[in-house]
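Each chain, written out:
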Amino acid sequence: ETETEEQGLEIDPEKGSWYQESHVAGSGLAVASGSDDAHDAEEGTSPQQRYSTSSFLRASRPTVGECLDHVPEEEQADLCLDVYNMFFLSDVGSQGFFYSIFIFVIKIVLYTLLLLDLVHNKRIPSVEVVEVSPIVQIAQAFLMPVAILMQEELITSFFIFSHLKYSPSVRKRHPGAYKWKYYAAHSARFVDGMIFLFINICVMLLQVSDVLGLFLNFAALMFLQTVDNIALQVCLDGYWTRSLQKTAKDVVDMKMAYRHHYVHRCLQTSFVVIVWIALFGFWLAVHFSAGGS
């Protein structure tokens, strides 16, 4: 009767997600579309049968266009290609779920080691600083807005919170894409960006005599912000499991809806300006307060 019944799909009220009964290559398989791969229902199912079942399930899911059929195409935005969106789209407990958490923990550990080194060597900037070359002070002042705009995670989180909105219809295609995961993923992205920006500013203010050294220190840390993007790219290239590769492809394919109200879109600029004012105030305190140069 319906397209769902023709494909062998039904809504299981107890599971609360799309569920599929399928017989592939003569084997009885019961598989949930939100799982990473089809599980064997009978012993002796070959890898080729499992792969064909998984491919059939993905092909039978609603398309991105069907999930966002209420949103005009010009009001749809691509997802940022990183592990934060892998976390959002993956099912709780899946490989993509734990992989994205693992990458986030790696980044936080690296940031923590940098902060501990700064604290251990008493290199956190304070108002009790040595005399700084005027040319270095000028370079620091002009480099601060550049530092903000180059913090990909921070700028992306500003864009998402101000421009995009969560669409419950996304769960037609990705049953694990809950609203709490949407906000958890992008809150983690914001924390990532703020910590990295703080470290960058601290390292920048520690350079007191050499403009070239200031630029080199600034550039040396930039690789850290690409870790989550590279982590998704290696999944796309098939270096890890097939399940992770599929989740990464989901991130490439999926889109989100823009907010309609203009006031929300002004928030992004406001966020950037607020952060810049805070950092500029910190720079003034370091260099021109009592005891500074």
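Residues numbered from 1 in each chain as written. Predicted model: local features only at pLDDT ≥ 70, side-chain atom pairs only at ≥ 80, totals over all residues. Heavy atoms only, no water.

**Topic: the overall build of the chain**
Helix and strand counts for the chain come out as 12 helices and 6 strands. Per-residue burial over the chain gives 44% buried out of 293 residues. Accessible surface, the chain: about 15,100 Å² in total, of which carbon and sulfur atoms supply 63%. (Helix = DSSP H or I, 4+ residues; strand = E, 2+ residues; numbered from the N terminus. Buried < 20%, exposed > 50% of the residue type's maximum accessible area, 1.4 Å probe, protein only. Areas by Shrake-Rupley, 256 points an atom, 1.4 Å probe, with all protein chains shown as cover.)

**A word on a nonpolar patch on the surface**
A contiguous nonpolar surface patch, about 780 Å² in accessible area, is contributed by F98, I101, F102, V105, I106, V109, L110, L113 and L116. For I101, a relative accessible area of 33% puts it in the partly exposed group. (Patch = residues over 30% accessible without salt bridge, like charges linked within 9 Å, V, L, I, M, F, W, Y side chains within 5 Å. Salt bridge = Lys/Arg side-chain N within 4 Å of Asp/Glu carboxyl O.)

**Here we look at the pairing of strand β6 (residues 255-258)**
Strand direction decides the pairing type here: strand β4 (residues 76-78) and β6, joined by 3 bridges, are antiparallel. Bridge pairing in β6 places A77 opposite M256. Here strand β5 (residues 164-165) runs beside β6; their pairing, made up of 2 bridges, is antiparallel. Among the inter-strand pairings, L164 is bridged to a residue of β6, identified as Y258. (Pairing = 2+ DSSP bridges.)

**Description of the packing of helix α6 (residues 134-149) against helix α8 (residues 179-206)**
Across the interface, α6 lies against α8 with an axial gap of 11 Å and an inter-helix angle of 165°. It follows that α6 is roughly antiparallel to α8 by the angle criterion. Between α6 and α8 lies a crossing of right-handed hand. Here α6 contributes Q140, L143, M144, A147 and I148 to the contact with α8, which in turn contributes L197, I201, M204 and L205. Here the residues of the contact of α6 with α8 sort into 8 nonpolar, 1 polar and no charged. (Axes fitted to C-alpha atoms, helices over the stretch in contact; angles between N-to-C directions. Parallel < 35°, antiparallel > 145°, perpendicular 65-115°, else oblique. Left-handed = near helix turned anticlockwise from the far one by under 90°. Contact = heavy atoms within 4.5 Å. Nonpolar A, V, L, I, M, F, W, Y, C, P; charged D, E, K, R; others polar.)

**Quick look at the pattern of salt bridges**
Applying the stated criterion across every chain yields a total of 7 salt bridges. A salt bridge links R61 to D250; the shortest N-O distance between them is 3.1 Å. You can see R61 sitting in the loop between α2 (47-60) and α3 (64-67) and its partner D250 sitting in helix α11 (residues 242-253), a full 189 residues away along the chain. By relative accessible area, which is 12% here, R61 ends up buried. Judged by its relative accessible area of 7%, D250 is buried.

**Focus on α6**
Every α-helix winds through 3.6 residues per turn, so residues three or four apart in the chain are directed the same way. When the terminal C-alpha atoms of α6 are compared, their 24 Å separation across 16 residues agrees well with the 22 Å that a helix rising 1.5 Å per residue should span. At L143, α6 is deflected by roughly 30°, the largest bend along its length, and proline P145 occurs up to four residues later in sequence. (Expected span 1.5 Å × (residues − 1). Bend = angle between axes of the 7 residues up to and from the residue.)

**Considering the nonpolar core**
One finds M86, F88, L89 and Y99 to be the most contacted residues of the largest nonpolar core, which totals 34 residues. Broken down by secondary-structure element, the contributors of at least two residues to this core are α3, α4 (83-89), α5 (95-120), α8, α10 (227-236), α11 and β6. In terms of residue count, the dominant contributor to this core is α4 (6 residues). If sequence neighbours within four positions are ignored, M86 has contacts with G96, Y99, S100, L232, C235, L244, T247, A248 and V251. (Core = buried A, V, L, I, M, F, W, Y, C linked by side-chain atoms within 4.5 Å.)

**Quick notes on the sheet that holds β5**
Read across the open sheet, the 3 strands follow the order β4-β6-β5; overall the sheet is antiparallel. In the strand order of this sheet, the two ends are held by β4 and β5, each with one partner.

**What about the confidence of the model for the chain?**
In this model, the chain carries an average pLDDT of 77, and 73% of its residues clear a pLDDT of 70 or more. Between the elements of the chain, mean pLDDT differs from a low of 35, seen in strand β3 (residues 27-32), to a high of 95, seen in α4. Here residues 1-43 scores under 50 on pLDDT; set against residues more than four positions off or in separate chains, the count is 79 contacts. Contacts from residues 47-54, a stretch scored under 50 in pLDDT, to residues over four places away or in other chains number 17 contacts. (pLDDT = per-residue confidence, 0-100.)

**Some remarks on the packing of aromatic side chains**
The description of two aromatic rings rests on the distance between their centres and on the angle between their planes. Following the criterion strictly, the structure yields 13 aromatic pairs and no others. Geometrically, the ring pair formed by F280 and W283 is stacked, given 5.4 Å between the ring centres and 25° between the ring planes. Of the two residues, F280 and W283 are both situated in helix α12 (residues 262-288); the distance of 3 residues between them amounts to about one turn of the helix. Under the relative-accessibility criterion, F280 is labelled partly exposed at 26%. What makes W283 buried here is its relative accessible area of 8%. Each member of the aromatic cluster is reached from another via a ring pair, and the members are F88, Y166, Y182 and Y183. The ring of F87 is capped by K181, whose NZ or CZ atom sits 5.5 Å from the centre of that ring. (Phe/Tyr/Trp six-rings, centres within 6.5 Å; stacked < 30°, edge-to-face > 60°. Lys NZ or Arg CZ within 6 Å of the ring centre and 35° of its normal.)

**Remarks on the side chain of Q76**
Mapped onto the secondary structure, Q76 falls in strand β4. On the accessibility criterion, Q76 (16% relative accessible area) is buried. In this view, Q76 contacts L68, V71, K255, M256 and Y258; residues no more than four positions away in its chain are not counted.

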